[in-house]
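Coordinate inspection notes
Each chain, letter by letter, is given below.
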Amino acid sequence: MRELDVIVVGAGFAGLYALHKLRGNGLAVHAFEAADDVGGVWHWNRYPGARCDVESLQYSYSFDDALQQEWVWSERYAQQGEILAYLQHVADRFSLRPLISFGTRVTSAHFDAAVDRWHVTTDLGEEATARFCVMASGSLSASRLPEIPGIETFAGQILHTGTWPPGGVDFAGKSVAVIGTGSSGVQAIPQIARSAEQLVVLQRTPNFVVPARNQPLSEEKQSAWKAAYAEYRAQARQVGTLYDFNQTSAHAVSAQAREAEYRRRWKLGGVNFVHAFNDIMTDPVANQTAADFVHARIREVVNDPVTAEKLCPRGYPLGAKRICVGSDYYETFNRINVALIDLQATPVTAIEAKTIRTTEAVFAVDLIVCATGYDALTGALAQIDIRGRSGTALSAKWADGPRNYLGLMTADFPNMFIVTGPGSPSVLVNMVVGIEQHIDWIAACIQHLGEAGATRIEPEPEAEQAWVQQVNDAAAETLFVQANSWYLGANIRGKPRVFMPFVGGIGRYRAICDEVAASGYAGFQLANGD
Ligand code: FAD
Ligand code: NAP
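An account of the accompanying structure is given in this report. All values reported here derive from a predicted model rather than from experimental measurement. (Residues numbered from 1 in each chain as written. Chains lettered and ligands numbered in written order. Predicted model: local features only at pLDDT ≥ 70, side-chain atom pairs only at ≥ 80, totals over all residues. Heavy atoms only, no water.)

**Describing the sheet that holds strand S13 (residues 348-352)**
- Here we have three strands laid out as an open sheet, ordered S13-S14-S15, and antiparallel in their pairing. Two strands close off the open sheet at either side, each with one partner strand: S13 and strand S15 (362-364). With direction set aside, neighbouring strand axes in the sheet form an average angle of 15°.
- In this sheet, strand S14 (residues 355-358) lies alongside S13 in antiparallel orientation, the contact comprising four bridges. Looking at S14, one finds that Val348 is bridged to Thr358. (Pairing = 2+ DSSP bridges. Helix = DSSP H or I, 4+ residues; strand = E, 2+ residues; numbered from the N terminus. Axes fitted to C-alpha atoms, helices over the stretch in contact; angles between N-to-C directions.)

**As for the pattern of salt bridges**
- With the rule as written, the count across this model stands at 27 salt bridges.
- With a closest N to O distance of 2.8 Å, Arg322 and Asp53 form a salt bridge. You can see Arg322 sitting in the loop between helix H10 (305-311) and strand S11 (324-326) and its partner Asp53 sitting in the loop between helix H2 (41-44) and helix H3 (65-70), a full 269 residues away along the chain.
- Of the charged contacts in the structure, one is a salt bridge between Asp244 and Arg265, with a shortest N-O distance of 3.5 Å. With Asp244 in the loop between helix H7 (229-239) and helix H8 (255-268) and Arg265 in helix H8, this pair connects stretches of sequence that are 21 residues apart. (Salt bridge = Lys/Arg side-chain N within 4 Å of Asp/Glu carboxyl O.)

**Re the site of ligand 2**
- Lining the immediate surroundings of ligand 2 are 26 residues, of which Ser184, Arg204, Thr205, Lys321 and Arg322 lie closest.
- Here an oxygen atom of ligand 2 sits 3.0 Å away from a polar atom, N or O, in the main chain of Thr181.
- Trp486 is positioned with one of its side-chain polar atoms (N or O) 3.2 Å from an oxygen atom of ligand 2.
- Expressed as a share of its isolated accessible area of 910 Å², the protein-covered part of ligand 2 is 89%.
- Examining the composition of the shell around ligand 2, we find that three residues originate from one element, helix H5 (residues 183-195), more than from any other.
- Among the residues forming the shell around ligand 2, the class breakdown is 10 nonpolar, nine polar and seven charged. (Near = heavy atom within 4 Å. Polar contact = N/O pair within 3.5 Å; in protein donor to acceptor, adjacent residues only side chain to side chain. Areas by Shrake-Rupley, 256 points an atom, 1.4 Å probe, with all protein chains shown as cover. Nonpolar A, V, L, I, M, F, W, Y, C, P; charged D, E, K, R; others polar.)

**Description of the nonpolar core**
- Counting residues in each nonpolar core, the largest one holds 138 residues, and the members touching the most others are Phe13, Tyr61, Leu406, Phe417 and Trp441.
- The leading source of residues in this core is helix H14 (residues 431-452), at 11 residues.
- Beyond its immediate sequence surroundings of up to four residues, Phe13 is in contact with Trp42, Tyr59, Ser60, Tyr61, Ile83, Tyr86, Leu87, Val432 and Ile435.
- Among the nonpolar cores identified, the runner-up in size contains 21 residues, and Ile7, Phe32, Val106 and Cys133 belong to it. (Core = buried A, V, L, I, M, F, W, Y, C linked by side-chain atoms within 4.5 Å. Buried < 20%, exposed > 50% of the residue type's maximum accessible area, 1.4 Å probe, protein only. Contact = heavy atoms within 4.5 Å.)

**Overview of the site of ligand 1**
- By nearness alone, 32 residues border ligand 1, and Glu33, Asp53, Tyr59, Val106 and Met431 come closest of all.
- Contact with the protein chains covers 95% of the free accessible surface of ligand 1, which is 970 Å².
- Elements represented by at least two residues in the shell around ligand 1 include exactly helix H1 (13-24), H2 and H14.
- Considering each element in turn, the shell around ligand 1 owes the most residues, three residues, to H2.
- Class assignment for the residues of the shell around ligand 1 results in 20 nonpolar, nine polar and three charged.

**A look at the packing of aromatic side chains**
- Per the stated rule, a full pass over the model turns up 37 aromatic pairs.
- Aromatic side chains Tyr405 and Phe524 sit 4.8 Å apart centroid to centroid with 50° between the ring planes, which places their arrangement in the tilted category. Pair noted here: Tyr405 is in the loop between helix H13 (394-397) and strand S18 (416-418) and Phe524 is in strand S20 (residues 524-527), with a separation of 119 residues, a long-range link.
- The class of Phe524 is buried, set by a relative accessible area of 5%.
- By way of ring pairs, the aromatic residues Phe13, Tyr17, Trp42, Tyr59, Tyr61, Phe63, Trp71, Trp73, Tyr86 and Phe94 are connected into one cluster.
- The aromatic ring of Phe293 is capped on one face by Arg297, whose charged end is 4.4 Å from the ring centroid. (Phe/Tyr/Trp six-rings, centres within 6.5 Å; stacked < 30°, edge-to-face > 60°. Lys NZ or Arg CZ within 6 Å of the ring centre and 35° of its normal.)

**What to know about unusual backbone geometry**
- Here the phi dihedral of Asp116 falls at roughly 55°; this positive angle occurs in a residue that is not glycine.
- Looking at the secondary structure, you find Asp116 in the loop between strand S4 (106-112) and strand S5 (117-122).

**Quick look at the pairing of strand S19 (residues 456-459)**
- Burial along S19 is two-sided: the face carrying Arg456 and Glu458 and the face carrying Ile457 and Pro459 are both buried.
- Pairing of S19 with S20 involves four bridges; the strand directions are antiparallel. Directly across from Arg456, in S20, lies its bridge partner Ala527.

**Brief notes about the environment of Tyr374**
- With respect to the secondary-structure elements, Tyr374 resides in the loop between strand S16 (367-370) and helix H12 (379-382).
- Residue classification places Tyr374 among the buried positions, given a relative accessible area of 9%.
- Separated by 33 residues in sequence, Tyr374 and Gly407 place their C-alpha atoms 19 Å apart.
- Every residue in contact with Tyr374, bar those within four places of it in the chain, is listed here: Asn45, Leu140, Ser141, Ala142, Ser143, Arg144, His160, Gly162, Asn491 and Ile492.

**Points about the packing of H8 against helix H9 (residues 284-301)**
- Orientation of H8 relative to H9, taken along the N-to-C sense of each, is 60°, at an axis distance of 11 Å. Relative to H9, the element H8 lies oblique. Once H8 is placed against H9, the crossing between them reads as right-handed. Between H8, through Arg258, Glu259, Tyr262, Arg263 and Trp266, and H9, the contact on the second element is made entirely by Ala286, Thr289, Ala290, Phe293, Val294, Arg297 and Glu300.
- Its residues placed into classes, the contact of H8 with H9 shows six nonpolar, one polar and five charged. (Parallel < 35°, antiparallel > 145°, perpendicular 65-115°, else oblique. Left-handed = near helix turned anticlockwise from the far one by under 90°.)

Purely geometric numbers; function is a separate question.
Structure follows, in structure tokens:
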């Protein structure tokens, strides 16, 4: 049995940095990774069109200046393969591979209060113990197939974007159905349409899709950015991603000025569009002006007016479901080999052998691509039998929604840290920035415990309760709670409807975490069980 200081679960952006940082602090650390290589989502999501939608110069580690200076990104938004190559490079550059057991899924993690240690088992029968456990298991790593009547009887191939076959998929000459029009579907649909014989898109809820305007990254832009990296990274630590944050209300300007601002951002591309005015995510009327602008662009691009109307998102605020960033998304529906099915108007009634039947039509299909998303934020943790000090399962404790302090730790589960999970800014910000903040905080906390002679740290229930309240209050002030999104767990049947991420911003969150640490870990109980 491995006897360690820290066990890390996962070897994506979070797990790799955790290994590097904690080993650097002199700790015996080891990671278990279910995949056969590093990369996390960038290992699993090999679907055509997969790329980041935070610009690569920002969607990358800042912890090592030589790394950020030397690595060359080829495009504004790097493709999956390039991000995976970057993470493989990081693993090799910092000699992290010997610290990782690949192809190994952690199945249980039990805290032994007699010795203040975690006892971990894997699907290969391996066992390990460590004082600390870092759950870097991912917020978007537990993929889910749709519940559609008859899908289990489909005789063709069924794929999920989040578990894409490494060898790729040949769509030539095939009739393909894509279910789901979130970020993954939006990226995959135009690519699949180009190579498939026929493509039918099964859309339950249309999403707001802003154009990426992806392009090769010029040497000049890259050099200029790198020269100012120290300053840009410092800013990103406060805001997540550097966007052009307009501090003006949408109501403070004329309709023409508003339109001009939306047009300017639409032309530049990317998530920057949502920051056109400072009240888009808090004021429904301001939000509607942005939604109306997108509707007009959809009607402009899509030739068939009926299809255009089906593609216009309605009934929820723009941005309340994660905004999608696409390339030729709306244009794809002008292709003669592409059909759009509005599942709300004409639901699927049956999937049989190689056909999909809706209330209106029947489609012959060789292959179904499920871009149906994830059991987000809590799914990967729920797949592990995690038991705390009193033997209670984490899934039982969180049955009515996740409860933790600062998103980092949960009462009754000492010495277990969660990276970018519920209660932290998590998926609402550039996640690499969030990951670095979390790992740095965790590393400093472990160091503090060593210096203080403590073997255990755990949140006080009152601090946890207050934090859960703060997370809920912050969300309630926004329009985020007005959509049935995965942020709220609404995509999973039976999952409690709780807005999970902390919407108060990474800068405010960082200040709170730093203050807690500086005050000697206020809100936490430290103890020595030796
Ligand atoms: P992951 O990358 O999910 O890694 C977690 C790892 O843990 C996985 O490899 C998994 O196999 C492993 N694991 C899980 N459970 C176990 C277990 N029980 N035992 C062993 N191993 C386990 N974020 C952005 O900020 N910008 C973007 O542009 C962006 N694009 C994205 C595109 C896609 C297609 C997806 C799916 C997500 C995207 N994200 C983006 C969010 C993304 O989740 C984060 O940016 C980041 O990659 C998360 O890294 P991670 O290490 O925390 O988790
Ligand atoms: P998602 O946003 O949850 O989208 C899933 C889609 O599948 C939705 O359109 C959903 O419809 C649909 N769906 C689910 N179950 C269905 C069913 N039974 N029948 C019909 N439709 C069904 O998942 P995702 O697209 O994989 O994206 C998840 C997150 O990963 C993103 O929000 C983003 O954070 C990240 N991501 C980022 C990028 C990027 O551009 N960098 C790319 C991919 C993913 P409803 O809306 O009606 O539920």
